[in-house]
Protein chains: 4
Amino acid sequence: MKLLLTGFEPFGGETINPAQEALALVSDRIGALEIIKRILPVAFGTSIAEVRAALREHRPDAVLCVGQAGGRMEVTPERVALNLNDARIPDNKGNQPVDEPVFADGPAAYFTTLPLREMVAAIHAAGLPARVSNTAGLFVCNHVMYGVLYHLAHELPGAIGGFMHVPYAPEQAVRQSAPQPSMSKNDIARAIAAAISAIERHLTARR
Amino acid sequence: MKLLLTGFEPFGGETINPAQEALALVSDRIGALEIIKRILPVAFGTSIAEVRAALREHRPDAVLCVGQAGGRMEVTPERVALNLNDARIPDNKGNQPVDEPVFADGPAAYFTTLPLREMVAAIHAAGLPARVSNTAGLFVCNHVMYGVLYHLAHELPGAIGGFMHVPYAPEQAVRQSAPQPSMSKNDIARAIAAAISAIERHLTARR
Amino acid sequence: MKLLLTGFEPFGGETINPAQEALALVSDRIGALEIIKRILPVAFGTSIAEVRAALREHRPDAVLCVGQAGGRMEVTPERVALNLNDARIPDNKGNQPVDEPVFADGPAAYFTTLPLREMVAAIHAAGLPARVSNTAGLFVCNHVMYGVLYHLAHELPGAIGGFMHVPYAPEQAVRQSAPQPSMSKNDIARAIAAAISAIERHLTARR
Amino acid sequence: MKLLLTGFEPFGGETINPAQEALALVSDRIGALEIIKRILPVAFGTSIAEVRAALREHRPDAVLCVGQAGGRMEVTPERVALNLNDARIPDNKGNQPVDEPVFADGPAAYFTTLPLREMVAAIHAAGLPARVSNTAGLFVCNHVMYGVLYHLAHELPGAIGGFMHVPYAPEQAVRQSAPQPSMSKNDIARAIAAAISAIERHLTARR
């Protein structure tokens, strides 16, 4: 089985992205899953185009996209993606959509098809804080999550997919003007691996 | 030269104390400093008695006490200790003093004699978030910081001393009902070592 | 024209609900709008049944439901309601659904049809803090918001509707163990009136 | 009996100061206390000079200084003033002292001589959130609190004095980029009046 694991390049003035850094630390195989990694641009449109190309190339059984959520204290698997782009800051290509749908022909929202509670339990079992989040924001993270679920629904209906936000890395917290929570890159990588293990068990059990 | 490094046993319903866990990961020698470690009880009175016994036994050049501050996002060297015990919860021996002085014959406060800004800069250089704190609370942490500075003033006036708070470890954050910031034990240990390096440079420079 | 304005009874151990208290302070007429007020039970199912009965009785042009969001610092008009009930605490009838749809035949989400940005701007113009929220939670507030938008879509497709969360009242913050933000009942009532004025201008302009 | 009640002019880019606004709403007589009001400049040195002039002119029985603490959720009577000026931003005259004593011949700290717990209880009884704070910062608020206690100790040893921080007013929260807690000016004035009533009872009881 295959899992497509995506991170993002840095954005919003940051020089690193903890999702990108942590991805490099995640093994290429977890249980029965081959892990295929992609780093996506923080850009409306092209981010979804790149993840769709990877879906078509690899036809994975599961997709886990990971992104930075500055200010969060825990790893937060996301419950839902909204059909709305509404950016408070420009993306890395200078685009800043306001109240636009991700796909004009899509539903208002997609719920994740990943096993949320099992992922949280697995991260807890690894000794790391995690909680289900009910909002992925309306920037490129939500955009990619919606795009993945839209394309899975249309092109790979048997596959499951979703998104997980991670805190700042400590070196990012150093550079913020106000105190910010953070999590070490090693721990973020361990949380991602724990979540993937839960996904692997879920896929194996439903066979 | 010698540095006395203290941590605390767990308290307040926790099963670990990140200061205690991190101390075990700190080297026994940092630059020209021999590191002497002690774990103190979370108890008014006996905590100071134990640290005073260690001062008399080892006559260190510097003292760095480390304690847990649940809810903090950063490592926070403390600026000042107040001559006041005012506990919101009982200590590990069941004592809960209200508005009592630490030492009836002591001044209202002692400022730390550690090089605060150099310690923060050294922790930042290690890629970890840190900030000077202006309150060590009024529980056993402040109590020990005041006691150390009181006894150094009376018995080892050439030595320097102070306190540093550290966040929850991630496994503690897992067990809180609300989201809490945390820092890995490895990173806490690295922050302590970085702070001690700054102290070592300060001691070496003033010789 | 008519606007149905709903609040809630107290829940979660509170003795008051700031939405209920503030509703009593809102005028019965704002511009061209007659204001019809209802206090809903904090209960899955019956809350929607009661609001549906009011929709059928009064056939309003707009619906604004207001609820308490302890911990929020601002008045927060909600962008979206999810088709999911997932309660961390029991409702006032002891029910605590986990991952159940609000309506099995409904879409994953409804976006509000109220003029969000105009509402926020009107509250700001009244000197009060406000911000669009992207999550109404998954308790009875989201449940009612979803139910209103579902029933408006089916029975009153020309009407607009949505939800607005408000902070704790100060007297509630007094009784919490940790510091909590709050807003005076007078100011909450002023924020509701400002939001309704924005809705009234929106309804008038589209005629 | 007389109480000197001080507020501050706006600072740090704000156009109002909630302490100044609230002072105007506080009665000129509370129980047996005549209330004498002064608005102080947000400036190191001159702020203390002005409050000292008022002490000499009016020889009050009690002094309550009030200042803005953006970010706080509650009214917070301060426990202690430190003999240290350490400003993160320039004061209104452009001065920004770093690690300087307030008075070179003063002790490290003064504890407030106001009845802290009675003040908090009185504010709670008025339905408003309050809590004792253990740090008044190291900007002009702490500076004035230290200066008042220093001058009372030297010139009016029978008088009592201290400081109380208050949250942003709502109209200030509107203009911040991130969500901020606030309290209405009316409620801040009610909290100040409640605190003064507690001081009045304390003064009357000790006669």
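It should be emphasised that the depicted structure is a prediction, and the values quoted were computed from it without experimental measurement.

**Side note on the pattern of salt bridges**
Right, so step 1: All chains considered together, the criterion is met by 52 salt bridges over all chains.
Right, so step 2: Residues B:Arg52 and B:Glu155 are paired through a salt bridge, measuring 2.5 Å at the closest nitrogen-oxygen approach. Placement of B:Arg52 in helix H2 (residues 46–58) and of B:Glu155 in helix H4 (residues 140–155) is noted, with a sequence separation of 103 residues between them.
Right, so step 3: By relative accessible area, B:Arg52 is classed as partly exposed at 29%.
Right, so step 4: Looking at B:Glu155, the relative accessible area reads 24%, which means it is partly exposed.
Right, so step 5: Notably, a salt bridge pairs D:Arg117 with B:Asp99, separated by 2.9 Å at the nearest N-O pair. With D:Arg117 in helix H3 (residues 116–125) and B:Asp99 in the loop between strand S6 (80–82) and strand S7 (109–111), the pair connects residues from two separate chains.
Right, so step 6: Classification of B:Asp99 by relative accessible area gives partly exposed; the value is 37%.
Right, so step 7: The network of salt bridges with shared partners includes A:Arg79, A:Arg117, C:Asp86 and C:Asp99.

**With respect to the interface of chain D and chain B**
Right, so step 1: Facing the 15 residues of chain D at the interface are 15 residues of chain B.
Right, so step 2: For the pair chain D and chain B, the two sides together bury roughly 1300 Å², of which 62% comes from carbon and sulfur.
Right, so step 3: At the surface where chain D touches chain B, the tally comes to eight salt bridges.
Right, so step 4: Inspection of the region where chain D meets chain B yields eight residue pairs in polar contact (both at pLDDT 80 or more).
Right, so step 5: The residue inventory of the side of chain D that touches chain B, partitioned by class, reads eight nonpolar, three polar and four charged.

**What to know about the relation of the copies chain B and chain A**
Right, so step 1: Each copy superposes on the other: chain B lies on chain A with an RMSD of 0.0 Å after a rotation of 180° and an axial shift of 0.0 Å. In the structure described here, the two chain copies are related by an operation that fits a two-fold rotation axis. For chain B, the residue whose C-alpha comes nearest the rotation axis is B:Pro181, separated from it by 2.7 Å.
Right, so step 2: Counting the interface residues of chain B, we find that 100% of their copies in chain A are interface residues as well, pointing to one common contact surface.

**Notes on the arrangement of the chains**
Right, so step 1: Across the gap from chain B to chain C, with no contact made, the nearest C-alpha atoms are 11 Å apart.
Right, so step 2: The smallest C-alpha distance separating chain A from chain D is 11 Å, and no contact links them.

**Thoughts on the packing of aromatic side chains**
Right, so step 1: Tallying each qualifying case throughout the model produces 28 aromatic pairs over all chains.
Right, so step 2: A ring pair is formed by A:Tyr110 and A:Tyr146, whose centres lie 5.0 Å apart and whose planes are at 55°; its orientation type is tilted. Taken together, the positions of A:Tyr110 in strand S7 (residues 109–111) and A:Tyr146 in helix H4 (residues 140–155) put the pair 36 residues apart, joining distant regions of the chain. Note on accessibility: A:Tyr110 and A:Tyr146 belong to one class, buried.
Right, so step 3: Each ring, one from D:Phe8 and one from D:Phe163, has its centre 6.3 Å from the other, and the planes form 35°; the classification is tilted. One end of the pair, D:Phe8, is in strand S1 (residues 2–8); the other, D:Phe163, is in strand S8 (residues 160–166), and 155 residues separate them in sequence. D:Phe163 carries the same exposure label as D:Phe8, and that label is buried.
Right, so step 4: Three or more aromatic residues joined by ring pairs form one cluster here, namely A:Phe103, A:Tyr110, A:Tyr146 and A:Tyr150.

**Comments concerning the relation of the copies chain D and chain B**
Right, so step 1: For these two chains of identical sequence, chain D goes onto chain B by a turn of 180° and a shift of 0.0 Å along the axis, with RMSD 0.0 Å.
Right, so step 2: Looking at chain D, 100% of its interface residues are interface residues in chain B too, so the copies touch through the same face.

**So, the sheet that holds strand S3 (residues 33–40) of chain B**
Residue and element names in this part refer to chain B.
Right, so step 1: Spatially, the six strands line up as an open sheet ordered S2-S3-S1-S4-S8-S5, and their pairing is mixed. Strands with a single pairing partner mark the edges of an open sheet, and in this sheet they are strand S2 (29–30) and strand S5 (76–77).
Right, so step 2: Along the sheet, H2 contacts strand S1 (2–8), S3 and strand S4 (62–68); its crossing angle with S3, the most-contacted strand, is approximately 155°.

**Looking at the interface of chain B and chain A**
The parts lose accessible area when they come together, and the size of an interface is often stated as this lost area.
Right, so step 1: In this assembly, 20 residues from chain B lie in contact with 20 residues from chain A.
Right, so step 2: Carbon and sulfur atoms supply 62% of the area that chain B and chain A bury against each other, a total of about 1500 Å² over both sides.
Right, so step 3: Together, B:Met73, B:Val174 and B:Pro179 form the three largest contributors to the area buried by chain B at its contact with chain A, with a combined 33%.
Right, so step 4: Our enumeration of links across chain B and chain A arrives at zero salt bridges.
Right, so step 5: Residues that form the side of chain B that touches chain A fall into these classes: nine nonpolar, seven polar and four charged.

**Looking at the UniProt feature "active site" (unreviewed entry) in chain A**
All names here are of chain A.
Right, so step 1: The residues that UniProt annotates with the feature "active site" (unreviewed entry) are Glu78, Cys141 and His165. With the annotated positions falling across 88 residues, the maximum pairwise C-alpha distance of 10.2 Å places them together in a single cluster.
Right, so step 2: Here Cys141 shows up in helix H4.
Right, so step 3: Leave out the neighbours within four places in its chain, and Cys141 touches Phe8, Gly67, Gln68, Ala136, Phe163 and His165.
Right, so step 4: With respect to the secondary-structure elements, His165 resides in strand S8 (residues 160–166).
Right, so step 5: Apart from residues lying up to four places away in sequence, His165 is in contact with Gly67, Gln68, Ala69, Arg72, Glu74, Val75, Thr76, Glu78, Ala136 and Cys141.

Conventions used here
- Residues numbered from 1 in each chain as written.
- Chains lettered and ligands numbered in written order.
- Predicted model: local features only at pLDDT ≥ 70, side-chain atom pairs only at ≥ 80, totals over all residues.
- Heavy atoms only, no water.
- Salt bridge = Lys/Arg side-chain N within 4 Å of Asp/Glu carboxyl O.
- Helix = DSSP H or I, 4+ residues; strand = E, 2+ residues; numbered from the N terminus.
- Buried < 20%, exposed > 50% of the residue type's maximum accessible area, 1.4 Å probe, protein only.
- Contact = heavy atoms within 4.5 Å.
- Buried area = accessible area lost by both parts, 1.4 Å probe.
- Polar contact = N/O pair within 3.5 Å; in protein donor to acceptor, adjacent residues only side chain to side chain.
- Nonpolar A, V, L, I, M, F, W, Y, C, P; charged D, E, K, R; others polar.
- Least-squares fit on C-alpha atoms with pLDDT ≥ 70 in both.
- Phe/Tyr/Trp six-rings, centres within 6.5 Å; stacked < 30°, edge-to-face > 60°.
- Pairing = 2+ DSSP bridges.
- Axes fitted to C-alpha atoms, helices over the stretch in contact; angles between N-to-C directions.
- UniProt positions renumbered as here; feature names shortened; annotations may be inferred.

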